[in-house]
Amino acid sequence: MVRAIRGAIQVEANDRDAIISGTTELVSAVMERNQLTTDDVISVLFTATPDLTAEFPALAARKLGFHEVPLICCTEIGVPGALPRVVRLMAHVQSDRPRREIQHVYLRGATVLRQDIAQ
């Protein structure tokens, strides 16, 4: 079955290392908590808030071995008052897990974004 997994992390600064480090933490947590390998991943969409311009979040996934997985990065809508410095992802994966067992991952300051599904 195809499942979609959501996740987000707030990074410390608009800095290349901060974006790569935070995205690596997020992708690794999504993969670990859902017991996935890169072969299970169909594609990943990354978004970043408009204040994050120092690096593409997808570079972190490439460094983790997502060489044959389609990845794309987009800028989020600049909504006044939105949480700053956030990288989000939506991963499309193949999994036999029922939808209710999929673990969506919200880390650091981003836990406030979806307390209803963050685990």
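Here, every reference points to the structure presented above.
What counts and how
Sequence order sets the numbering: in each chain, residues are counted from 1 along the sequence as written. pLDDT decides what is reported in this predicted model: residues at 70 or higher carry local features, side-chain atom pairs at 80 or more are listed and counted, and totals for whole chains, interfaces and linings draw on all residues regardless. Only hydrogens and water are set aside when side-chain values are computed; all heavy atoms of the structure are taken into account. Here, a salt bridge means any Lys or Arg side-chain nitrogen found within 4 Å of an Asp or Glu carboxyl oxygen. Runs of H or I in DSSP of at least four residues are treated as helices and runs of E of at least two as strands, each being numbered from the N terminus. Each residue's exposure class comes from its accessible area (1.4 Å probe, protein chains only) as a fraction of the maximum for that residue type: buried when under 20%, exposed when over 50%, partly exposed otherwise.

(A) Spotlight on the pattern of salt bridges. For the structure on display, the rule yields 4 salt bridges. Arg16 serves as the salt-bridge partner of Glu55, at 2.7 Å between the closest nitrogen and oxygen. Here Arg16 lies in helix H1 (residues 16-33) and Glu55 lies in the loop between strand S2 (41-48) and helix H2 (58-63), a separation of 39 residues in the sequence. Among the residues examined, Arg16 registers a relative accessible area of 37% and is labelled partly exposed. Between Arg108 and Glu25 there is a salt bridge, and its shortest N-O distance comes to 2.5 Å. With Arg108 in the segment after strand S5 (105-107) and Glu25 in helix H1, this pair connects stretches of sequence that are 83 residues apart. Owing to a relative accessible area of 31%, Arg108 belongs among the partly exposed residues under this scheme. Each of Glu12, Glu25 and Arg108 takes part in a single network of salt bridges with overlapping partners.

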